[in-house]
Amino acid sequence: MTQPDPRAALIPDQSARVNVATYTNYLDAQRAVDHLSDQKFPVERTAIIGEGLKTVEQVTGRLDWGRAAGLGFGQGLFIGLFVGLIFSVLGLGNGNLLFSIAYGMVVGAIFGLVWGLVGYALSGGRRDFTSIGGMKADRYVVVADAEVAEQARTLLANMPPR
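Residues numbered from 1 in each chain as written. Predicted model: local features only at pLDDT ≥ 70, side-chain atom pairs only at ≥ 80, totals over all residues. Heavy atoms only, no water.

A. Quick peek at the UniProt feature "transmembrane region" (unreviewed entry) in the chain. UniProt marks residues 68-91 and 97-122 with the feature "transmembrane region" (unreviewed entry), using the numbering shown here. Between the C-alpha atoms that bound residues 68-91 the distance is 34 Å, and the span itself is 92% helix and 0% strand. Structurally, residues 97-122 comprises 100% helix and 0% strand, and the distance from its first C-alpha atom to its last is 37 Å. (UniProt positions renumbered as here; feature names shortened; annotations may be inferred. Helix = DSSP H or I, 4+ residues; strand = E, 2+ residues; numbered from the N terminus.)

Written out as structure tokens, the structure reads:
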């Protein structure tokens, strides 16, 4: 027996909703819903639906030993800064704020450097590049419950241009 998805209650059935407006980018759809909110429209009865979704992975560069070391070092440095700040706020740095932060940064940078190199070595050359991934939709549709869809269309027709 399968258990129901607890997230299903958070997302109403979209088949009972009506297309109010379609936009080519998310910011315009977001602006439309914001305008509806400003007009005291019950925005909890709307949704923005991305249609024609694609996964996009933009390759940002080649990954080699030097870059793996540098990325690990930088990430470790910032994690160490954060840990050093936490230690100093909690009073675990013997009362010396700068020492706690500097010590955290040095230890973090060393661990990050080692972790970056070990991770790169374990990849075995299977992914020798860095990238940024995300989702992209062809269009964004603003939908509303059927009972309030006409009101939403009227309000969006009167939305001022940018």
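B. Layout of the sheet that holds strand 5 (residues 139-145). Read across the sheet, three strands follow the order 1-5-2 without closing on themselves; strand pairing throughout is antiparallel. With partners counted over all chains shown, the strands left at the sheet margins are strand 1 (17-23) and strand 2 (46-51), one partner each. With strand direction ignored, the average angle separating the axes of adjacent strands in the sheet is 30°. Relative to strand 5, strand 2 runs antiparallel, the two sharing six bridges. Bridge pairing links Ala47 to Val143 in strand 5. Relative to the sheet, helix 1 (residues 26-38) contacts strand 1, strand 2 and strand 5, its axis offset from that of strand 2 by approximately 170°. Strand contacts of helix 4 (residues 149-157): strand 1 and strand 5, with the helix running at about 20° to strand 1, the strand carrying the most contacts. (Pairing = 2+ DSSP bridges. Axes fitted to C-alpha atoms, helices over the stretch in contact; angles between N-to-C directions. Contact = heavy atoms within 4.5 Å.)

C. Just unusual backbone geometry, in detail. In this structure, Lys40 is a non-glycine residue whose phi angle is positive, near 65°. Positionally, Lys40 belongs in the loop between helix 1 and strand 2. Overall, the relative accessible area of 73% leaves Lys40 in the exposed class. (Buried < 20%, exposed > 50% of the residue type's maximum accessible area, 1.4 Å probe, protein only.)

D. Quick peek at the layout of surface pockets. Considering only enclosed or pocket space, the largest pocket measures out at about 290 Å³ in volume. Of all the secondary-structure elements, those providing two or more residues to the lining of the largest pocket are helix 2 (65-89) and helix 3 (97-123). Per-element accounting of the lining of the largest pocket gives the leading share, seven residues, to helix 3. Grouping the amino acids of the lining of the largest pocket by side-chain chemistry returns seven nonpolar, eight polar and no charged. (1 Å grid on protein atoms, 1.4 Å probe; cavity = no way out; pocket = protein on both sides within 12 Å on 5 of 7 lines; lining within 4 Å. Points joined across faces, edges and corners; volume = space filled by probe spheres on them. Nonpolar A, V, L, I, M, F, W, Y, C, P; charged D, E, K, R; others polar.)

E. Expanded view of helix 4. The set of residues buried in helix 4 consists of Ala149, Ala152, Leu155 and Leu156. Taken around the axis of helix 4, the buried residues stretch over an arc of 125°, which confines them to a single face. Among the exposed residues of helix 4, those pointing more than 90 degrees away from its buried face are Glu150 and Ala157. Those residues of helix 4 that are buried are in contact with strand 1, helix 1 and strand 5. (Arc of directions from axis to C-beta.)

F. Broad picture of the packing of aromatic side chains. Counted under the stated rule, the structure contains three aromatic pairs. With a centroid separation of 4.8 Å and an interplanar angle of 80°, the aromatic rings of Trp65 and Tyr120 are classed as edge-to-face. Taken together, the residues span a long stretch of sequence, with Trp65 in helix 2 and Tyr120 in helix 3 at a distance of 55 residues. Residue classification places Tyr120 among the buried positions, given a relative accessible area of 12%. Pairing Phe99 with Tyr103 gives two aromatic rings, centres 5.7 Å apart and planes at 20°, and the pair type is stacked. Note that Phe99 and Tyr103 are positioned in helix 3 at a spacing of four residues, about one turn of the helix. Residue classification places Phe99 among the partly exposed positions, given a relative accessible area of 48%. (Phe/Tyr/Trp six-rings, centres within 6.5 Å; stacked < 30°, edge-to-face > 60°.)

G. Region of the structure containing a nonpolar patch on the surface. Taken together, the side chains of Ile79, Phe82, Val83, Ile86, Phe87, Val89, Leu90 and Leu92 present a nonpolar region at the surface, about 810 Å² in accessible area. Structurally, Leu92 can be placed in the loop between helix 2 and helix 3. With relative accessibility at 52%, the residue Leu92 sits in the exposed group. (Patch = residues over 30% accessible without salt bridge, like charges linked within 9 Å, V, L, I, M, F, W, Y side chains within 5 Å. Areas by Shrake-Rupley, 256 points an atom, 1.4 Å probe, with all protein chains shown as cover. Salt bridge = Lys/Arg side-chain N within 4 Å of Asp/Glu carboxyl O.)

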